[in-house]
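Residue-level structure breakdown
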Amino acid sequence: MIPNQILNTILTERMVPRDNGDDIKLTSSISLVECEALYAFLRERKPELVLEIGMAHGVSSQTILTALKENEKGQLISLDPYHQWESARLAALDNIKKAGLASRHRHIHAGSEMALPKLCAEGMQAEFVHIDGHHGFDHAFVDWFYADLLLPVGGVVAFDDSGWRGVHKTIRYLLTHRKYRELDVGLKRTYSGKTFLHTMVKRIEGRFGTTRYFEKVEQWAAPYDFYKSF
């Protein structure tokens, strides 16, 4: 059980409370099982800085922040532009504050494609990056590309909704073009699709849908011949 009553109530009742009483239906979040795996992972790793891409209703944010609070160390930076979704942003930030977690949290109200290059330019390094933004291949790849630059060796990147085609393609690139190893955080593989045929296709392609975690083993450097080609 994650020691956060506000978070547990949101996950159980599937409603996100707001200060004005106009509660929001929980439509975008990682599952309870994924929250528990994320919490346990961070309690073990005890990172100094965590970056999450995609904040939505703040479920993963509260999970991460609760672990950091229990660790008595660490900060979280959340990136989310909240295009035409102001109610979710306000609810997420309000509930983080009510849970007593705001002192460890910074929200950047911008798209990851705009914010991540700036964080790289600042020389920031994060020991853990949780990617749960736009799931199209272009966005998923850009998010991972910059996450790779921000992660030191030994750092970990996690992909939510890894069964989505765009996210799966990004993971395949990571495994074939960089030095990462997948970590077992206790999550079962799920291949369920909208139809039986869709489920079979996902099984054949190996596109299972739980959050997947990858530890960076080696810092990539472009080979000398790569630069000679220009």
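Structure first, text after, so check above.
Predicted model only: the values in this text are computed from it and were never measured.

Moving on, we come to the pairing of strand β7 (residues 156-159). Across the two faces of β7 the burial is the same, with Val-156 and Ala-158 and Val-157 and Phe-159 all buried. Note that strand β6 (residues 128-131) and β7 share four bridges and pair parallel. Bridge pairing in β7 places Val-129 opposite Val-157. A crossover connection joins β6 to the parallel β7 through helix α6 (residues 137-150); in handedness this β-α-β unit is right-handed. In this sheet, strand β9 (residues 212-216) lies alongside β7 in antiparallel orientation, the contact comprising four bridges. By the bridge assignment for β9, Val-157 is matched with Phe-214.

Summary: where empty space remains is shown by rolling a probe the size of a single water molecule over the atoms. Scanning the model with the defined rule gives one cavity of 30 Å³ or more in all. Taken as a whole, the largest cavity spans an internal volume of roughly 30 Å³. Lining the largest cavity are Ile-131, Gly-133, His-134, His-135, Ala-140, Asp-143, Phe-159, Asp-160 and Val-167. Among the residues forming the lining of the largest cavity, the class breakdown is four nonpolar, three polar and two charged.

Counting across every chain of the model gives 11 aromatic pairs. Taking 5.9 Å as the distance between ring centres and 70° as the angle between the ring planes, the aromatic pair formed by Tyr-191 and Phe-208 counts as edge-to-face. Here Tyr-191 is found in the loop between β8 (180-183) and α8 (196-205), whereas its partner Phe-208 is found in the loop between α8 and β9, with 17 residues between them in sequence. Looking at Phe-208, the relative accessible area reads 5%, which means it is buried. Through a chain of ring-to-ring contacts, three or more aromatic side chains come together here, namely Phe-137, Phe-141, Trp-144 and Tyr-173. Across from the ring centre of Trp-220, 4.0 Å away, lies the NZ or CZ of Arg-178, which sits over that ring.

Turning to the packing of helix α2 (residues 32-45) against helix α3 (residues 59-71), a few remarks are in order. Their axes nearest at 9 Å, the elements α2 and α3 cross at an angle of 30°. When the axes of α2 and α3 are compared, the pair comes out roughly parallel. In this structure, α2 crosses over α3, and the sense of that crossing is right-handed. Contact residues: α2 offers Cys-35, Leu-38, Tyr-39, Leu-42 and Arg-43, while α3 offers Val-59, Ser-60, Thr-63, Ile-64, Thr-66, Ala-67, Glu-70 and Asn-71.

With a phi angle near 55°, Lys-46 is a residue other than glycine that sits in the positive phi range. By the element assignment, Lys-46 lies in the loop between α2 and β3 (49-53). Its identity is not glycine, yet Gln-84 carries a phi of approximately 55°, on the positive side. We classify Gln-84 as exposed; its relative accessible area is 84%.

The rules behind these values
- Residues numbered from 1 in each chain as written.
- Predicted model: local features only at pLDDT ≥ 70, side-chain atom pairs only at ≥ 80, totals over all residues.
- Heavy atoms only, no water.
- Buried < 20%, exposed > 50% of the residue type's maximum accessible area, 1.4 Å probe, protein only.
- Helix = DSSP H or I, 4+ residues; strand = E, 2+ residues; numbered from the N terminus.
- Pairing = 2+ DSSP bridges.
- Right-handed = clockwise from strand over helix to strand, strands pointing away.
- 1 Å grid on protein atoms, 1.4 Å probe; cavity = no way out; pocket = protein on both sides within 12 Å on 5 of 7 lines; lining within 4 Å.
- Points joined across faces, edges and corners; volume = space filled by probe spheres on them.
- Nonpolar A, V, L, I, M, F, W, Y, C, P; charged D, E, K, R; others polar.
- Phe/Tyr/Trp six-rings, centres within 6.5 Å; stacked < 30°, edge-to-face > 60°.
- Lys NZ or Arg CZ within 6 Å of the ring centre and 35° of its normal.
- Axes fitted to C-alpha atoms, helices over the stretch in contact; angles between N-to-C directions.
- Parallel < 35°, antiparallel > 145°, perpendicular 65-115°, else oblique.
- Left-handed = near helix turned anticlockwise from the far one by under 90°.
- Contact = heavy atoms within 4.5 Å.

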